[in-house]
Amino acid sequence: MKLISINVGLPREVSWHGKSVLTSILKVPVNGSVQVSTLNVEGDRQADLTVHGGADKAVYLYPGEHYPYWRHQLPGSELPWGAFGENFTTEGLSEADVNIGDRFRIGSAEFLVTQPRMPCFKLGIKFGRPDILKHFLQSGRTGFYLSVVREGEVAAGDSIHLVARDGNAVTVADIVNLYTADSENQELLHRATELSALPESWRDYLRKRLWEPDP
């Protein structure tokens, strides 16, 4: 498992349907070692902290293996690393294999997997097509967010080491499926509501889908 690229970007104004929108989805790869703090990757900042950022969404990771799929789906689009707004583009990780609560070490920093990425309208702005939001979610190629357990430095090319596997065995893909299609899987729903690494907003949403909610 490897960190292929580190991508950062600062908020900037873009025009969308005649309006000015502030976004940080336009990220570019950077070279050398980069400091990762509790809330950000060095050189990166979120534009709207009401829906992005915070300790549970400090770093957005996207598997590089998804890029061939999107190059086929989005012919003519430039897709350099960071095209989906991710901070880390990786090799060897997937939503189907990574559990919520898994811990990884990259460089001298340590990370905890917290939640899948739910696309917002700014992804549609990035590619000039609002329909990509539904496609992105239904494809299951969402990537996922990391919180920073230990601050440190990372660099493109660093190996990714699994530090601890979460024993609840609820994958990132499981959470996406519960959100999009699989609400009748009550056993999985119940396990998901008990994940301490999953943000409370997610757990509360999933509790409401239980047929017999916990008291």
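A few points on the structure. (Residues numbered from 1 in each chain as written. Predicted model: local features only at pLDDT ≥ 70, side-chain atom pairs only at ≥ 80, totals over all residues. Heavy atoms only, no water.)

Description of the sheet that holds strand β10 (residues 144-150)
Stage number 1. Ordered by their spatial adjacency, eight strands build an open sheet running β4-β1-β7-β6-β10-β9-β8-β12, and the pairing between neighbours is mixed. The open sheet terminates on both sides in strands that have one partner only, identified here as β4 (28-30) and β12 (160-164). Neighbour to neighbour, the strand axes of the sheet diverge by 40° on average, direction disregarded. (Pairing = 2+ DSSP bridges. Helix = DSSP H or I, 4+ residues; strand = E, 2+ residues; numbered from the N terminus. Axes fitted to C-alpha atoms, helices over the stretch in contact; angles between N-to-C directions.)

Observations regarding the environment of phenylalanine 121
Stage number 1. Assignment of secondary structure puts phenylalanine 121 in helix α2 (residues 121-127).
Stage number 2. Relative accessible area serves as the criterion here: at 43%, phenylalanine 121 is assigned to the partly exposed category.
Stage number 3. As for phenylalanine 121 and serine 196, which are separated by 75 residues in sequence, their C-alpha atoms are 29 Å apart.
Stage number 4. When near neighbours in sequence (up to four residues on either side) are disregarded, phenylalanine 121 contacts Val21 and Leu133. (Buried < 20%, exposed > 50% of the residue type's maximum accessible area, 1.4 Å probe, protein only. Contact = heavy atoms within 4.5 Å.)

A few points about the nonpolar core
Stage number 1. Membership of the largest hydrophobic core comes to 37 residues, with the highest contact counts inside it found for Val59, Phe88, Phe111, Val154 and Ile175.
Stage number 2. Those residues in contact with phenylalanine 111 that sit more than four places away from it in its chain are Val36, Val59, Phe88, Asp102, Arg103, Phe104, Ile106, Leu146, Ser147, Val148, Val149 and Val154.
Stage number 3. If you look at the next biggest cluster of nonpolar residues, it comprises 14 residues, including Ala83, Phe84, Phe127 and Tyr145. (Core = buried A, V, L, I, M, F, W, Y, C linked by side-chain atoms within 4.5 Å.)

Considerations on helix α6 (residues 200-207)
Stage number 1. When α6 is considered as a whole, its buried residues turn out to be Trp202, Arg203 and Leu206. The buried residues of α6 occupy one face: seen down the axis, they fall within an arc of 95°.
Stage number 2. Summarising the contacts, the buried residues of α6 are in contact with β9 (109-116), α4 (172-180) and α5 (186-193). (Arc of directions from axis to C-beta.)

Some points on the pattern of salt bridges
Stage number 1. Using the criterion set out here, one finds nine salt bridges in the structure.
Stage number 2. A salt bridge links lysine 27 to aspartate 44, with the shortest nitrogen-to-oxygen separation between them at 2.6 Å. Within this pair, whereas lysine 27 is found in the loop between β3 (19-23) and β4, its partner aspartate 44 is found in the loop between β5 (34-36) and β6 (59-63), the two being separated by 17 residues in sequence.
Stage number 3. Across the salt bridge formed by glutamate 110 and arginine 103, the nearest N and O atoms sit 2.6 Å from each other. (Salt bridge = Lys/Arg side-chain N within 4 Å of Asp/Glu carboxyl O.)

Some details on unusual backbone geometry
Stage number 1. We note that alanine 169 has phi near 55°; this positive angle belongs to a residue other than glycine.
Stage number 2. For alanine 169, the location among the structural elements is in the loop between β12 and α4.

Some thoughts on the packing of α4 against α6
Stage number 1. Where α4 contacts α6, the axes come no closer than 11 Å and their chain directions differ by 45°. As the angle between them shows, α4 and α6 are arranged oblique. Every pair of crossing elements has a handedness; the one defined by α4 and α6 is left-handed. When α4 is examined against α6, the residues Ile175, Leu178 and Tyr179 are found in contact with a partner set consisting of Trp202, Tyr205 and Leu206.
Stage number 2. Here the contact of α4 with α6 is composed, by residue class, of six nonpolar, no polar and no charged. (Parallel < 35°, antiparallel > 145°, perpendicular 65-115°, else oblique. Left-handed = near helix turned anticlockwise from the far one by under 90°. Nonpolar A, V, L, I, M, F, W, Y, C, P; charged D, E, K, R; others polar.)

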